[in-house]
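Chain by chain, the residues run as shown.
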Amino acid sequence: MHVPDGFLDAPTSIATGAVAATAVAVSLRRARRELDDKTAPLTGLVAAFVFAVQMLNFPVGAGTSGHLLGGALAAILVGPWTAVLCMTVVLLVQGLFFADGGITALGTNITLMGVVTVVVGWALFRLTLRFLPRRPASAAPAAFVAALVSVPVAALCFVGLYAVGGTADISLKAVFAAMVGWHVLIGLGEAAITALTVGSVIAVRPDLVHGARPLIAARELTVRKPRPLVTKGDRSA
Amino acid sequence: MSRPEDRPEGRPEDRAPAGETGRRGPRTRVIVVVGLLVVLALAGGVSYYASASPDGLNKVAEDHGFASTAKDSPTRHSPFAGYGVRGITDGRASTAVAGVAGVAIVLALGTGVALAVRRRDRRGDHGGDHDGDHNDDHGAPSATMAAAQDASAAPDRRQ
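As a further point, take the overall build of chain A. Across its full length, chain A holds nine helices and two strands. N-terminal to C-terminal, the α/β element order of chain A is α-α-β-β-α-α-α-α-α-α-α. Referenced to the eigenvectors of the C-alpha coordinate spread, the extents of chain A come out at roughly 65 × 35 × 30 Å. Buried positions account for 62% of the 237 residues belonging to chain A. A separation threshold of at least 6 residues defines the contact pool for chain A, and within that pool the share at least 24 residues apart is 75%.

Quick look at the structure:
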């Protein structure tokens, strides 16, 4: 979904640049709280993983492909603020070194792929967990839902930006339908990769998944107490 | 956010498991090394088999007549432009080198950012005012939080 230079006019690009800069500045402050001895060494690895998997375009039919965006995945693995920083690093490197996504469009790309997917992904992950049992195994299905929805929402935001500052006179309705349609399919791939990755890390070291920490606390308690039901009641009280 | 380390202390049964979880399963260093190998295999090997079809946005731009408004990136002459290396004619090798180089750059930058953010954290921890930046919006709570995190993460460091 890397937006090239020229799709959006200058005022819109400046506005998304301001949004991106603000998001990065706030994230630099807030990420401190997330970066403990466990997540700090993983931050570079998560960014590198997102970069690598973004190279792996998968076909979604009719001569169209998609790739992982990774915002939801990064948010679940290292926390939302750190995820914004991870995604920004990936998009910067892609724009500067790989000519993937424009330069005046960097703010747009960071906003769509580095902020919108993180915010939507993290919010939906937390929301979905409320409806699932409080155990580490719930993280993967919640990650699936979060990732699935994050992609079409980012596509929707692009259409919104195009409505404001698109450089061509086109049918927005048609573009809206096509963008959301294709990105629901791409979202399924995003969801599969995200759930698989989160599930794999959970299986090996659940404590390394930032979003799963509250789930571990719950499980540890039931394991250690002889009467789990009493413990649960105790906890919620 | 209700992370384990945010909970009030004083209930040993709550804190003990948090320490234990750090030691369950392979060490963090092992995870990082295995993760890196996976990442290198994906960027340096699997990437060659990626679909070359236009992605969702490009496809929509083509179908709906705004693809032509795209401008070439100013960095199109970068040695890695288009996920290949100029001068390497073998497609597989070209993609592999570009992918591995990208992973190295992203890894270095990502790790650097994480370390820089943490280092600032430590400085705030000592109540320091070294560069005239007060950080006083939530200086006190974040310093307390950092101290609590350091304390809760301490057992992990001994690995």
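Bringing the packing of aromatic side chains into the picture now. Applying the stated criterion across every chain yields a total of ten aromatic pairs over all chains. Aromatic pair A:Phe7 and B:Phe66: ring centres 5.0 Å apart, planes at 65°, arrangement edge-to-face. Residue A:Phe7 is found in the segment before helix H1 (10-34), and its partner B:Phe66 is found in the loop between helix H3 (56-63) and helix H4 (91-125); the two belong to separate chains. Judged by centre distance (5.4 Å) and plane angle (85°), the rings of B:Tyr48 and B:Tyr49 are edge-to-face.

The next subject is the pattern of salt bridges. Residues and elements named next belong to chain B. Counted according to the given criterion, the structure contains four salt bridges over all chains. Among the ionic pairs, Lys 59 bridges to Asp 63, the shortest N-O distance being 3.8 Å. Residue Lys 59 and its partner Asp 63 are both found in helix H3; the two are separated by four residues, about one turn of the helix. With relative accessibility at 48%, the residue Asp 63 sits in the partly exposed group. The partner of Arg 76 in a salt bridge is Asp 72, with the nearest N and O atoms 4.0 Å apart.

Let us look at the environment of A:Thr64. Looking at where A:Thr64 falls in the secondary structure, it is placed in strand E2 (residues 64-66). On the basis of relative accessible area, A:Thr64 is assigned to the buried category, the value being 1%. In the structure, A:Thr64 is positioned 29 residues away from A:Leu35 in sequence and 38 Å away in space, judged by C-alpha atoms. Sequence-distant contacts of A:Thr64, that is, excluding residues within four places in its chain, are made with A:Phe58, A:Pro59, A:Trp182, B:Ser53, B:Pro54, B:Asp55, B:Gly56 and B:Lys59.

Moving on: the environment of A:Val89. Its place among the elements puts A:Val89 in helix H4 (residues 80-97). Taking the C-alpha atoms as reference, A:Val89 lies 28 Å from A:Thr128; in sequence the two are 39 residues apart. If sequence neighbours within four positions are ignored, A:Val89 has contacts with B:Val106, B:Leu109, B:Gly110 and B:Val113.

Time to look at the nonpolar core. Among the nonpolar cores identified, the biggest contains 89 residues, and A:Phe7, A:Phe125, A:Phe158 and B:Phe66 are the most heavily contacted of them. Take this core: its biggest share by element is twelve residues, from helix H5 (residues 106-130) of chain A. Aside from chain neighbours lying at most four places away, what touches A:Phe7 is A:Phe158, A:Tyr162, A:Gly165, A:Gly166, A:Thr167, B:Leu57, B:Ala61, B:Phe66, B:Ala67, B:Thr69 and B:Ala70. Core analysis: the next-biggest nonpolar cluster, separate from the first, contains seven residues, A:Val24, A:Leu35, A:Ala40 and A:Leu85 among them.

Our next topic: the packing of helix H3 (residues 71-78) of chain A against H5(A). All names here are of chain A. At a closest axis distance of 7 Å, the pairing of H3 and H5 adopts a crossing angle of 60°. Taken together, the axis directions place H3 and H5 in an arrangement best described as oblique. The two elements H3 and H5 cross, and the hand of that crossing is right-handed. Together, Gly 71, Ala 72, Ala 75 and Ile 76 of H3 and Met 113, Thr 117, Val 118, Gly 121, Trp 122 and Phe 125 of H5 make up the contact between the two elements.

Okay, the confidence of the model for chain B next. All names here are of chain B. Here chain B shows a mean pLDDT of 73. Residues at 70 or above account for 60%. Ignoring residues within four places in sequence, the model shows residues 1-23, a span with pLDDT below 50, making 43 contacts including any to other chains. A low-confidence stretch, residues 124-159 stays under pLDDT 50, and its non-local contacts, those more than four residues away or across chains, total 37 contacts. Interface confidence in the predicted complex, given as ipTM, is 0.89; pTM for the same model is 0.81.

The subject of this paragraph is the side chain of B:Thr75. Within the element layout of this structure, B:Thr75 appears in the loop between H3 and H4. Here the side chain of B:Thr75 touches A:Gly95 through a polar contact of 2.8 Å, landing on its backbone oxygen.

The next point concerns the packing of H3(A) against helix H7 (residues 172-204) of chain A. Residue and element names in this part refer to chain A. Where H3 meets H7, the closest approach of the two axes is 9 Å, and the angle between their N-to-C directions is 15°. Looking at the two axes, H3 sits roughly parallel to H7. Once H3 is placed against H7, the crossing between them reads as right-handed. Between H3, through Gly 71, Leu 73, Ile 76 and Leu 77, and H7, the contact on the second element is made entirely by Glu 190, Thr 194, Thr 197, Val 198 and Val 201. Across the contact of H3 with H7, the residue classes break down as five nonpolar, three polar and one charged.

Quick notes on the rules
Throughout, residues of each chain are indexed from 1 in the direction in which the sequence is written. Labels are handed out in written order, letters beginning with A for the chains and numbers beginning with 1 for the ligands. In keeping with the model being predicted, local features are shown solely for residues with a pLDDT of at least 70 and side-chain atom pairs are shown and tallied solely at 80 or more, while totals for entire chains, interfaces and linings include all residues. Where side-chain values are given, they derive from all heavy atoms of the structure, hydrogens and water being excluded. The helix count covers DSSP runs of H or I at least four residues long, the strand count covers runs of E at least two residues long, and both are numbered beginning at the N terminus. Exposure categories follow from relative accessible area, calculated using a 1.4 Å probe and restricted to protein chains: below 20% of the type maximum is buried, above 50% is exposed, and the middle band is partly exposed. Residues count as neighbours in contact if any of their non-hydrogen atoms are within 4.5 Å of one another. When the centres of two rings from Phe, Tyr and Trp lie within 6.5 Å, Trp using its six-membered ring, the rings pair. Their planes under 30 degrees apart give stacked, over 60 give edge-to-face, and anything left gives tilted. In the sections that follow, a salt bridge refers to a side-chain nitrogen of Lys or Arg positioned within 4 Å of a carboxyl oxygen of Asp or Glu. What is meant by a nonpolar core is a set of buried Ala, Val, Leu, Ile, Met, Phe, Trp, Tyr and Cys residues, joined one to another through side-chain atoms within 4.5 Å. For helices, the fitted axis covers only the stretch in contact; all axes are lines through C-alpha atoms, and the angles between them, taken along N-to-C directions, range from 0 to 180 degrees. Roughly parallel covers angles under 35 degrees, roughly antiparallel covers those over 145, roughly perpendicular covers 65 to 115, and oblique covers all other angles. In this scheme, a crossing is called left-handed if the near helix is turned counterclockwise away from the far one by less than a right angle; it is called right-handed if the turn is clockwise. For every residue, the predictor assigns a confidence score, pLDDT, that lies between 0 and 100. Polar contact is the term for a pair of N or O atoms within 3.5 Å; when the atoms are in protein, one must be able to donate a hydrogen and the other to accept it, and sequence-neighboring residues count only if both atoms are side-chain atoms. Classification convention: Asp, Glu, Lys, Arg as charged; Ala, Val, Leu, Ile, Met, Phe, Trp, Tyr, Cys, Pro as nonpolar; all other residues, Gly among them, as polar.

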